[in-house]
Amino acid sequence: MFISGFLVKPRSSKNGVSKTQSAGNQRHKSSLVGTSETTCATTYPKSFCEWLAGIIDGDGSIQVSKQGYTSLEITMGLEDLRLLRYIQHMLGGSIKMRSGAKAYRYRLHNQLGMIKLMNCINGHIRHSARLLHLHRVCQVLDIPVIIPITLDAQSNWFAGFFDADGTIGIAMKHRLPQLSIRVNNKLLQDVESYKVVFGGNIYFDSSQNGYYQWSVQSRKDVIMMLDYFKSSTFRSHKSRRFFLIEEYYSLYDLKAFKPDSIHHKAWLAFLDKWNKLMI
């Protein structure tokens, strides 16, 4: 059968890796695909592994060089250096500022570190392109690939993917403030899980060569995301805005956004705090 572009045809062997004949009469390795029970236990907490997989699915790159060396790279803006430092603390690796860009790049490439990483994120990576790259790295490291299970509201993957590709903002519509939580991606299937678990809607935006955007705007859906935030670990600078959602709705109910409201100064002070969290 075909999985992630690879012909998987396991045969009995000492290392669990089989060979298959390609169309070009060349020999290629075909790695086993299984469930979470087929791999050894990881040394990292499950919550961290789920969150890290979300980060990698959004802003990461798992690679195999022409020489056969494996590596992980994660690139994020200057404001999320603390997030990358946390990953470095957990995995090792290095962080460098990208030349000519306002961003930092985290990199892990030693073999032992990559083996530990694969055993951590294997079964949690689900982005279409990243799953293919995971498969290639696992082939090199002789690690069976785990197909990701269906997500639920307890998974920290959503927090990691939001830290990478999510936004939370306030816009004025018909003279009323509208708070929305959004997650963007090029492929529909890579944002569908948000709609299944948290509701909301998915829109297609034709700008930037086209992408899909999941969004929640209703108070009920936003509060559901807030409840998830309280039970999960977000680490990006933008996620700090979740702490202000309850204050936003309190001021909204008072109609403090209206210029003639007695509470308008409190609204302006709130907006100042809101905007400073993105600096």
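Residues numbered from 1 in each chain as written. Predicted model: local features only at pLDDT ≥ 70, side-chain atom pairs only at ≥ 80, totals over all residues. Heavy atoms only, no water.

**Considering the packing of helix 7 (residues 219-231) against helix 8 (residues 245-253)**
Okay, step 1: Contact geometry for helix 7 and helix 8: axes closest at 11 Å, N-to-C directions at 150°. As the angle between them shows, helix 7 and helix 8 are arranged roughly antiparallel. Of the residues in helix 8, those touching helix 7 at Arg219, Val222, Ile223, Leu226 and Lys230 are Ile245, Glu246, Tyr249 and Asp253. (Axes fitted to C-alpha atoms, helices over the stretch in contact; angles between N-to-C directions. Helix = DSSP H or I, 4+ residues; strand = E, 2+ residues; numbered from the N terminus. Parallel < 35°, antiparallel > 145°, perpendicular 65-115°, else oblique. Contact = heavy atoms within 4.5 Å.)

**Focus: helix 2 (residues 81-91)**
Okay, step 1: For helix 2, every residue scored as buried is listed here: Leu83, Leu84, Ile87 and Leu91. Down the axis of helix 2, the buried side of the element spans an arc of 95°, and every buried residue falls inside it. The exposed set on the far side of helix 2, more than 90 degrees from its buried face, consists of Arg82 and His89.
Okay, step 2: Tucked inside the fold, the buried residues of helix 2 contact helix 1 (46-59), strand 7 (70-77), strand 8 (94-97), strand 9 (103-108), helix 3 (111-121) and helix 5 (157-165). (Buried < 20%, exposed > 50% of the residue type's maximum accessible area, 1.4 Å probe, protein only. Arc of directions from axis to C-beta.)

**Quick notes on the sheet that holds strand 6 (residues 60-64)**
Okay, step 1: Spatial ordering of the open sheet is given by 6-7-9-8, a layout of four strands whose pairing is antiparallel. In this open sheet, the two edge strands, each paired with only one partner strand, are strand 6 and strand 8. Along the sheet, successive strands turn relative to each other by an average axial angle of 20°, direction set aside.
Okay, step 2: Sheet contacts for helix 1: strand 6 and strand 7; angle to strand 7, the most-contacted strand, approximately 80°. (Pairing = 2+ DSSP bridges.)

**Structural notes on the state of the cysteines**
Okay, step 1: Inspection of every chain in the model, using the stated rule, returns one disulfide.
Okay, step 2: Note that cysteine 49 is cross-linked by a disulfide to cysteine 120, the S-S spacing being 2.3 Å. Between cysteine 49 and cysteine 120, the disulfide has an S-S torsion of -120° and is therefore left-handed. Of this pair, cysteine 49 sits in helix 1 while cysteine 120 sits in helix 3, placing them 71 residues apart in sequence. Each member of the pair, cysteine 49 as well as cysteine 120, carries the same accessibility label: buried. (Disulfide = S-S within 2.5 Å.)

Treat this as a map of the structure, not an account of what it does.
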